[in-house]
Amino acid sequence: MPLVIAMDGPSGSGKSSASKGVARALGLRYLDTGAMYRAMTWWMLDSGVPVEDASAVAARAHEPVIESGTDPDAPAITVGGTDVSGPIRTREVTNAVSAVSSVPAVRTRLVELQREIIGTGGIVVEGRDIGTVVAPDAPVKVYLTASEETRARRRAGELAADPGASVAVTQTEQARRDRLDSTRKASPLTRAGDAHEIDSTELSLAEVIEAIVRLAKEHE
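Sequence positions are assigned chain by chain, starting from 1 and proceeding in written order. With the structure being a predicted model, the display of local features is reserved for residues of pLDDT at least 70 and the display and counting of side-chain atom pairs for 80 or more, all residues being used for whole-chain, interface and lining totals. The side-chain quantities take in all heavy atoms of the structure and omit both hydrogens and water.

### Points about the layout of surface pockets
Right, on to step 1. Of the voids in this model, the largest pocket is the one considered here, and its volume is about 670 Å³.
Right, on to step 2. Buriedness for pockets is judged along seven lines, at least five of which must meet protein on both sides within 12 Å for an open set on the 1 Å grid over protein atoms alone, while cavities are sets there where a 1.4 Å probe fits but cannot get out, and lining residues have an atom within 4 Å of a point. For the largest pocket, the lining is made up of 40 residues, of which Ser16, Asp32, Arg89, Glu126 and Arg155 are closest to its centre.
Right, on to step 3. Broken down by secondary-structure element, the contributors of at least two residues to the lining of the largest pocket are helix H1 (15-26), strand S2 (29-32), helix H2 (33-46), helix H4 (91-101), strand S6 (123-127), helix H7 (148-158) and helix H8 (167-183).
Right, on to step 4. Taken together, the residues of the lining of the largest pocket break down into 10 nonpolar, 15 polar and 15 charged. Grid points are joined across faces, edges and corners, and a volume is the space filled by probe spheres set on the points. Secondary structure follows DSSP: runs of H or I at least 4 residues long count as helices, runs of E at least 2 residues long count as strands, and numbering of each begins at the N terminus. All residues other than Ala, Val, Leu, Ile, Met, Phe, Trp, Tyr, Cys, Pro, Asp, Glu, Lys and Arg, Gly among them, are scored as polar; the first ten of these are nonpolar and the last four charged.

Right under this line is the structure:
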C-alpha cells in the first residue's frame, strides 16, 4: 500500500517534532491527530459544554467543523474557520482532552475525518491509536516513548509561558493523562504488536528522525 507511517506514543515522547522531521525528509504529508482532539476539546470548553459529562460531549460532537492541514512546515488546525493552533496548546485544554477524547462519539467522528485525510497514503500520522485503530494496515509503525521525567521536561518547555507549568507539576498532570489514555475503553493508548518501539530518552531529535527514515526505506 502507499506509504503511511503510523507514529504512536505518550505525551512528550517527541512524536510531533519527529513526525514533522520524517515527513520533511521523505517528502510526505503530515497529520497531527492529537491536534484534532485538542480542537474538539477547545470547542467544547469555549461552548460551555461540561467536558466531564460524556453524554453532554457526545450530544454535541457532531457540531464543530474541524479542518487540519497536512503541511509539516505549517500544520494548521481550524475550528469553524478560526485558527486554534495556539489556544489548543494551553494547560486547560491539555488537562481536559483525555476526558473529551475518551467519548466514543468523539472518536468515531474524528477517526472518520482522519481516515479521509490519510486517503491514498504518502503521509506521516501521529497520535495514540494510529497503528491500532486509525491505520492498522500502515506498512510502517513506530511507538515512540521516553522516560517520564524526560517527557515532563519537554512538555514543560513547551508551556514555558505558563508560570504554573513546572516540571514537577507537568509530570503529575502528564501521569494522570497517561493513566486515563491507557485505561479508557475507546481506543486506549497502546503499542501495536508490529510497531517498532523507539526510546527517545537518550536520543537527539536528529537520531530519532534518522531511525524512522531508515525503517521507512527498509520497507521500500
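Still more to cover.
### A look at H4
Right, on to step 1. Burial classes: relative accessible area under 20% of the type maximum marks a residue as buried, over 50% as exposed, and values in between as partly exposed (1.4 Å probe, protein chains only). Of all 11 residues in H4, 9 are buried; the element is thus mostly enclosed.
Right, on to step 2. Here H4 has its buried residues at Arg91, Val93, Thr94, Ala96, Val97, Ser98, Ala99, Val100 and Ser101.

### What about the pairing of strand S1 (residues 4-8)?
Right, on to step 1. The buried count for S1 comes to 5 of 5 residues, which makes it a mostly enclosed element.
Right, on to step 2. Strand pairing is defined by DSSP finding a minimum of two bridges between the two strands. As paired strands, S1 and S6 are joined by 5 bridges and run parallel to one another. Bridging across to S6, Ala6 finds its partner in Val125.
Right, on to step 3. Examined bridge by bridge, S1 and strand S7 (residues 140-145) share 4 bridges and lie parallel to one another. Within S7, the position partnered with Met7 by the bridge is Val142.

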